Amino acid sequence: MTKYRREPMPSFLINMIEYSLVLVGSFLVATAFNVFLLPHEVASGGVVGISTITKSLFGWEPSVVQWALNIPLFIAGVVILGKNFGVKSLVGTIVLPFFVYLTKDWPPATPDPLLGAIFGGMGAGLGLGIVFRGKASTGGIDLAAQIFHKFFPLPLGICLALFDGFIVLTATLVFSVEQGLYALIALFVTSRTIDFVQVGLNTSKNVMIITDQIEEVRQILLKDIDRGVTVLNGTGGYTDEERKVLMCVVAQNEFSKVTQTIKRVDPSAFVVAMNATEVLGEGFKTS
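Computed from a predicted model, the values in this text were never measured in an experiment.

1. Digging into the overall build of the chain
Next, step 1: Within the chain one finds 10 helices and four strands.
Next, step 2: Starting at the N terminus, the α and β elements of the chain follow one another as α-α-α-α-α-α-α-α-β-α-β-β-α-β.
Next, step 3: Residues counted as buried form 39% of the 287 residues belonging to the chain.
Next, step 4: Put simply, of all contacts in the chain between residues at least 6 apart along the chain, 73% involve residues at least 24 apart.
Next, step 5: Taken as a whole, the chain presents about 16,300 Å² of accessible surface, with 64% of it coming from carbon and sulfur.

2. Topic: the environment of T172
Next, step 1: Mapping T172 onto the fold places it in helix α7 (residues 156-174).
Next, step 2: Placed 130 residues apart in sequence, T172 and V42 show a C-alpha to C-alpha distance of 9.7 Å.

3. Let's talk about the pattern of salt bridges
Next, step 1: With the rule as written, the count across this model stands at six salt bridges.
Next, step 2: R192 is the salt-bridge partner of D195, the closest N and O atoms lying 2.9 Å from each other. Taken as a pair, D195 and R192 lie in helix α8 (residues 177-199) at a separation of three residues, close to a single helical turn.
Next, step 3: Overall, D195 belongs to the partly exposed group, its relative accessible area being 34%.

4. Regarding the side chain of T52
Next, step 1: Take T52: it is sitting in helix α2 (residues 46-58).
Next, step 2: Taking relative accessible area as the criterion, T52 reaches 1% and is therefore assigned buried.
Next, step 3: What T52 contacts, discounting residues up to four positions off in sequence, is F33, L38, E41, V42, A43 and F175.

5. Things to note about the UniProt feature "transmembrane region" (unreviewed entry) in the chain
Next, step 1: In the numbering used here, UniProt assigns the feature "transmembrane region" (unreviewed entry) to residues 12-37, 64-81, 86-102, 114-132 and 152-175.
Next, step 2: With 100% helix and 0% strand, the stretch residues 114-132 has end C-alpha atoms that lie 27 Å from each other.

6. Quick look at the packing of helix α1 (residues 11-37) against helix α5 (residues 113-133)
Next, step 1: One can describe the packing of α1 onto α5 by two numbers: an axis separation of 7 Å at closest approach and a directional angle of 170°. In terms of axis orientation, α1 runs roughly antiparallel to α5. As α1 runs across α5, the sense of the crossing is left-handed.
Next, step 2: Of the residues in the contact of α1 with α5, the class split is 15 nonpolar, seven polar and one charged.

Rules used in this analysis
Within any chain, residue numbers begin from 1 and follow the written order of that chain's sequence. Only residues with pLDDT of 70 or above have their local features reported here, since the model is predicted, and side-chain atom pairs are shown and tallied only from 80 upward, although totals for entire chains, interfaces and linings are computed over all residues. The side-chain figures draw on all heavy atoms in the structure; neither hydrogens nor water molecules are used. Only DSSP runs of H or I with at least four residues qualify as helices, and only runs of E with at least two residues qualify as strands; both kinds are numbered from the N terminus onward. Type-normalised accessible area, obtained with a 1.4 Å probe on protein chains alone, sets the label of each residue: buried when under 20%, exposed when over 50%, and partly exposed for intermediate values. Contact definition: two residues touch when any of their heavy atoms are within 4.5 Å. Shrake-Rupley sampling with a 1.4 Å probe provides the accessible areas, and residues are treated as covered by the protein chains on show and by no other component. We define a salt bridge as a side-chain nitrogen of Lys or Arg found within 4 Å of a carboxyl oxygen belonging to Asp or Glu. UniProt positions are given in the numbering used here, feature names are shortened, and annotations may be inferred rather than shown by experiment. Axis definition: a line fit to C-alpha positions, over the contact stretch in the case of helices; interaxial angles, taken between N-to-C directions, run 0 to 180 degrees. Roughly parallel covers angles under 35 degrees, roughly antiparallel covers those over 145, roughly perpendicular covers 65 to 115, and oblique covers all other angles. Helix crossings are classified by the rotation of the near helix relative to the far one: an anticlockwise turn of less than a right angle makes the crossing left-handed, while a clockwise turn makes it right-handed. When residues are grouped by polarity, Ala, Val, Leu, Ile, Met, Phe, Trp, Tyr, Cys and Pro land in nonpolar, Asp, Glu, Lys and Arg in charged, and all others, Gly among them, in polar.

Following this line, the structure appears as structure tokens:
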């Protein structure tokens, strides 16, 4: 059967889709903020968390605070880091506070602060994940963490955690320990939801196989499981003998069949399986 190569999508259409994702994602973040997080004073990190605290302390409009922080941080990021963050990130930096302003009078979706933290975290994570899919960001604390990382020898993830942790700690002092715990819940749910949007549920397994029946197992994977196989050269750490190692990526629902088949062919086979959350290529997702 002849396979036809799919023509790449025109660049202008790609840009339209990505800008649309930035707008939709920013709107979802703003909605989650105004109907779930802000009414219950859940400051789950980031610039939106800071705006929640300043709203309670000084009555400042959250959208104005977010603009006042996001835009200078974006400019500082460009000047200090010397990176081109792109027009889409600038759009996200500007439109998120704008959507926060547009939805500021929307009523709370629930009177329960725990539900507010959970669903607010989900909504914010969904929106941010969609923005990231559009190859952009909403600026804010991410840029502050990158600037901090440039001047201090700490991993970027630790820098971001320090900033978010400081905001949650401040919320705990300003509001209560209970509100701080709600903020931690929302922050955790947000990060998990972002991961879900980025990689989805299509987790595959990367299977590494060391067996004396190398050819038979290889043919089973190719013909019975219908998956591609890569043969790697390895050396035993104890025996110092050269061995062949099979590497095969299979779908989650195929994993049990693979292990059972391998054990049937070679009960002494050594099998290691690892999660593969982003698999591109024939038979899997395509870029």
